[in-house]
Amino acid sequence: MPLLAVGVCHREATPEQLAALGQAEYDLCDYLEQHAEGLIDGFVVLTTCNRVEIYLDAITFHGALGMVMDAINNHVPEVGKELTDSVYTHVGAGAVDHLYRVAAGLESMVVGENEIIGQVRSSLAAGTMVSPKLRRAFQGALATAKAITTHTGLGKVRRSLASVGLDLAASERSLENPEETLLNSWEQTRVLILGTGQYAGTVVADLQRRGCTDMMVYSASGNALAFAETHPCVVPTADLVAALKATDLVVTASGNGIARIDAALLGGAQTQVIVDLSGGVDLDDDLPVRVIGLGEIGDHAPPATQESVDEAEQILSDAVAELMNSELGRGAAPAITAIRGYVSSIIDAEVERTRKAYPPEIVEIVQKSLHRVTGAMLHHPSVAAVELAQIGRMDDYNQALQTLFGIRVEA
């Protein structure tokens, strides 16, 4: 049985839903470990502010998928019901391709973002039940992401949600005097970072590159002191209210909602701007300051050049094919790639026709539906290709593809 990827991301889920799933990560892992026998040989959970995904070395497709949904419904029941139709699955080569794309930042709000590599690496390191097949897939994804960063235009400029958010904060103008920015120079700006996770580390590094030296970090979980020992920032000596009163810019990066900022906390504070990397989870609505959220950050992210994306896609495609050749039999990968390319070209053409006749929201629904149908439709042919490759009968499979669909599989 090939690898299986099950998840939701910012395109289908709200920040609150993603946060709820992320907070239940340890419970989900415990459930999967306890119910793994006969269904999976291993799993890795990847959690970011934009996605929660579970990669499984599955023994049975339906059994593994059902176990994941049961885990979600048992530990996050309110989210499970809401996301039933939004959960996506990728199988075999599709799962490997998706993992590689995620690690390379090609599925991120900011295409080519560099934080995701560290998050994928940490997810692999934190895995408690990682099978050899999953480990090879994740290591291949990390190596491919590094190659894309090194050899394409995506790696020439540091791209991240944090950097785009800070750029927007620096350019924010005063309503009273549009010629003045809300923040002073970075050397004069006092920043409070809420949270101590990976995004907090990225924010500190970005601020340091900009010349900011006055940084505080606050964590309701008590991790701020340990974080400050390895980062150029200090821990507020008083409570959060006092810290806000001495802060020009707040960056929320915890995403757990434990230390929420509301209007009362901001009363009398000199805070001018909040860059929200938590998806709103750490903030109440209608705050009396300028809030720059993930949606706005995504809208203002500098677009990747098509040349850079094409270069990345080629590196990625070659790497996925190499892993599939190694894991599933050298003869199966070209056929799987050919049939998926054939079906994808049909879907792309249909979506393009739909785009000319219907509004964007209808096009998005049609596109999601077609991709779900494709995943289910191509599951059995992909598995059959692997099985035939393992017994040396790929010639029969390739001949059938050419006879039935006119697909010529190149060696």
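This text follows the structure it describes.
About the cut-offs
Residues numbered from 1 in each chain as written. Predicted model: local features only at pLDDT ≥ 70, side-chain atom pairs only at ≥ 80, totals over all residues. Heavy atoms only, no water. Salt bridge = Lys/Arg side-chain N within 4 Å of Asp/Glu carboxyl O. Helix = DSSP H or I, 4+ residues; strand = E, 2+ residues; numbered from the N terminus. Buried < 20%, exposed > 50% of the residue type's maximum accessible area, 1.4 Å probe, protein only. 1 Å grid on protein atoms, 1.4 Å probe; cavity = no way out; pocket = protein on both sides within 12 Å on 5 of 7 lines; lining within 4 Å. Points joined across faces, edges and corners; volume = space filled by probe spheres on them. Nonpolar A, V, L, I, M, F, W, Y, C, P; charged D, E, K, R; others polar. Pairing = 2+ DSSP bridges. Right-handed = clockwise from strand over helix to strand, strands pointing away.

Chemist: Looking at this model, I keep getting lost on the pattern of salt bridges. Mind explaining?
Modeler: If the charged atoms of two oppositely charged side chains come close together, the side chains can form a pair. The final tally for this structure, using the stated rule, is 15 salt bridges. The salt bridge partner of Glu350 is Arg353, with a shortest N-O separation of 2.6 Å. A residue pair is termed a helical-turn pair when its members lie 3 or 4 positions apart in one helix, as Glu350 and Arg353 do in helix H15 (residues 332–357) at 3 residues. With its nearest N and O atoms 3.5 Å apart, the salt bridge here joins Glu352 to Arg355. With Glu352 and Arg355 both in helix H15 and 3 residues apart, the pair spans about one turn of that helix. Of the residues examined, Arg355 reaches a relative accessible area of 44% and is grouped as partly exposed. A network of salt bridges, in which partner residues are shared, links Arg11, Arg101, Glu107 and Glu313.

Chemist: Explanation requested: the layout of surface pockets in the structure shown.
Modeler: Empty space among the atoms becomes visible once a probe the size of a water molecule is rolled across them. Here the largest pocket is characterised by a volume of approximately 1,800 Å³. Considering the residues around the largest pocket, the lining is formed by 50 residues, among which His90, Gly94, Asp97, His98 and His371 are closest to the centre. Of all the elements in the fold, those that place two or more residues in the lining of the largest pocket are helix H3 (61–75), strand E4 (88–91), helix H5 (93–103), helix H14 (306–328), H15 and helix H16 (360–390). Considering only residue class, the lining of the largest pocket consists of 18 nonpolar, 16 polar and 16 charged. Space inside the second largest pocket adds up to approximately 1,200 Å³. As for the second largest pocket, its lining consists of 43 residues, of which Gly22, Glu25, Thr47, Gly197 and Ser254 are closest to the centre. Listing elements by their share of the lining of the second largest pocket, those giving two or more residues are helix H1 (15–23), helix H2 (25–34), strand E2 (40–47), helix H6 (115–126) and helix H9 (198–210). Within the lining of the second largest pocket, the residues separate by chemical class into 19 nonpolar, 21 polar and 3 charged.

Chemist: I'm lost on the pairing of strand E6 (residues 214–218) in this one. Help?
Modeler: Successive residues of a regular strand alternate their side chains across the two faces of the sheet. As judged from the 5 bridges shared by strand E5 (residues 190–194) and E6, these two strands associate in the parallel manner. Along E6, the bridge assignment pairs Leu192 with Met216. Between E5 and its parallel partner E6, the chain crosses via H9, and the hand of that crossover is right-handed.

Keep in mind that these numbers describe shape and distance, not what the molecule does.
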